[in-house]
Amino acid sequence: MVAISYKTHDKHLDTAGFIDMAMQVWPGNYHSQYTKETLAKTINTTAWDGDKLVGCVRVLTDGYFFGTITEILVLPEYRRQGVGEKLMALAFETSPTSLFFGAQPEAVPFYENIGHEKSMQSFSKKKPRRQ
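A brief structural summary. Model, not experiment: these values are computed from the prediction.

## Points about the overall build of the protein chain
Now for step 1: In terms of helices and strands, the protein chain carries 4 helices and 4 strands.
Now for step 2: For 131 residues, the compact-globule formula gives about 14 Å, and the C-alpha radius of gyration of the protein chain, at 14 Å, lands near that figure.
Now for step 3: Seen along its three principal axes, the alpha-carbon backbone of the protein chain occupies a region of about 40 × 35 × 30 Å.
Now for step 4: Put simply, the protein chain has 131 residues, and 34% of those count as buried.
Now for step 5: Put simply, 60% of the contacts in the protein chain that link residues at least 6 apart link residues at least 24 apart.
Now for step 6: Carbon and sulfur atoms make up 52% of the accessible area of the protein chain, which totals about 8900 Å².
Now for step 7: Considering the protein chain, the positive charge centre built from 15 side chains and the negative charge centre built from 14 side chains are found 8 Å apart.

Take a look at the structure:
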């Protein structure tokens, strides 16, 4: 296991660094200003290997009724080393509410193995991402 440090409520999460990491996990077109605005609206918990951002989980919550994990990102070379599990534990600790989230089918065993239970069905209606 690598020596990773974690930051909860990471309000100084660099937009460019986040986009760079996200591109390695979910390649796509990310608009810098929209990403910056988005990061400011969530509780960000980050994982660092020295000064390298290696993981992030973002919680979106109204602070009372509802909270959701918008995404959890861990660089491929840092997976299966406890980084995702620790990020999820910290997200739960820092969230003022219970957390509800959807999961890709291949991620279901990960969430079950770290103590999350299947709950409500998830639905979506997609719009194109703003460019």
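Picking up after the structure, the text goes on.
## Notes on a nonpolar patch on the surface
Now for step 1: A surface patch of nonpolar side chains, amounting to about 540 Å² of accessible area, comprises Tyr-64, Phe-65, Phe-66 and Met-120.
Now for step 2: The exposure class of Met-120 is exposed, given its relative accessible area of 54%.

## Regarding helix 1 (residues 15-25)
Now for step 1: For helix 1, the full list of buried residues reads Thr-15, Phe-18, Ile-19, Met-21, Ala-22 and Val-25. On an axial view of helix 1, the arc spanned by its buried residues comes to 165 degrees, and they lie on one face.
Now for step 2: If you follow the buried residues of helix 1, they end up packed against helix 2 (32-39), strand 3 (52-61) and strand 4 (67-74).
Now for step 3: Near the N-terminus of helix 1, the side chain that reaches the backbone nitrogen of Ala-16, with its oxygen 3.4 Å away, is that of Asp-14.

## Comments concerning the sheet that holds strand 4
Now for step 1: Read across the sheet, 4 strands follow the order 1-2-3-4 without closing on themselves; strand pairing throughout is antiparallel. Taken across any chain shown, the strands that pair with only one partner, and hence form the sheet edges, are strand 1 (5-7) and strand 4. Put simply, the sheet's adjacent strands are angled 15 degrees from each other on average, direction ignored.
Now for step 2: Docked against the sheet, helix 1 engages strand 3 and strand 4, running at close to 95 degrees with respect to strand 3.

## Let's talk about the side chain of Thr-94
Now for step 1: Counting through the fold element by element, Thr-94 comes out in helix 3 (residues 83-94).
Now for step 2: Within polar-contact distance, the side chain of Thr-94 engages the backbone oxygen of Ala-91 at 3.3 Å.
Now for step 3: Excluding residues within four positions of it along the chain, Thr-94 makes contact with Thr-8, His-9, Ile-43 and Thr-45.

## Notes on the packing of helix 1 against helix 2
When two helices pack together, their arrangement is given by the angle between the helix axes and the distance between those axes.
Now for step 1: Between helix 1 and helix 2, whose axes approach to 9 Å, the crossing angle comes to 100 degrees. As judged from the angle between their axes, helix 1 and helix 2 are roughly perpendicular. On helix 2, the residues that touch Thr-15, Phe-18 and Ile-19 of helix 1 are Ser-32, Thr-35, Lys-36 and Leu-39.

## So, the pattern of salt bridges
Now for step 1: The tally for this structure, following the rule as stated, stands at 2 salt bridges.
Now for step 2: Between Glu-77 and Lys-52 there is a salt bridge, and its shortest N-O distance comes to 3.4 Å. Here Glu-77, found in the loop between strand 4 and helix 3, pairs with Lys-52, found in strand 3; they are 25 residues apart in sequence, far enough to count as distant.
Now for step 3: Given a relative accessible area of 43%, Glu-77 falls into the partly exposed group.
Now for step 4: Lys-52 gets classed as partly exposed once you look at its relative accessible area, which sits at 36%.

Parameters and conventions
Residues numbered from 1 in each chain as written. Predicted model: local features only at pLDDT ≥ 70, side-chain atom pairs only at ≥ 80, totals over all residues. Heavy atoms only, no water. Helix = DSSP H or I, 4+ residues; strand = E, 2+ residues; numbered from the N terminus. Rg over C-alpha atoms; globule rule 2.2 N^0.38 Å. Buried < 20%, exposed > 50% of the residue type's maximum accessible area, 1.4 Å probe, protein only. Contact = heavy atoms within 4.5 Å. Areas by Shrake-Rupley, 256 points an atom, 1.4 Å probe, with all protein chains shown as cover. Lys, Arg positive; Asp, Glu negative; His and termini not counted. Charge placed at Lys NZ, Arg CZ, Asp CG, Glu CD. Patch = residues over 30% accessible without salt bridge, like charges linked within 9 Å, V, L, I, M, F, W, Y side chains within 5 Å. Salt bridge = Lys/Arg side-chain N within 4 Å of Asp/Glu carboxyl O. Arc of directions from axis to C-beta. Polar contact = N/O pair within 3.5 Å; in protein donor to acceptor, adjacent residues only side chain to side chain. Pairing = 2+ DSSP bridges. Axes fitted to C-alpha atoms, helices over the stretch in contact; angles between N-to-C directions. Parallel < 35°, antiparallel > 145°, perpendicular 65-115°, else oblique.

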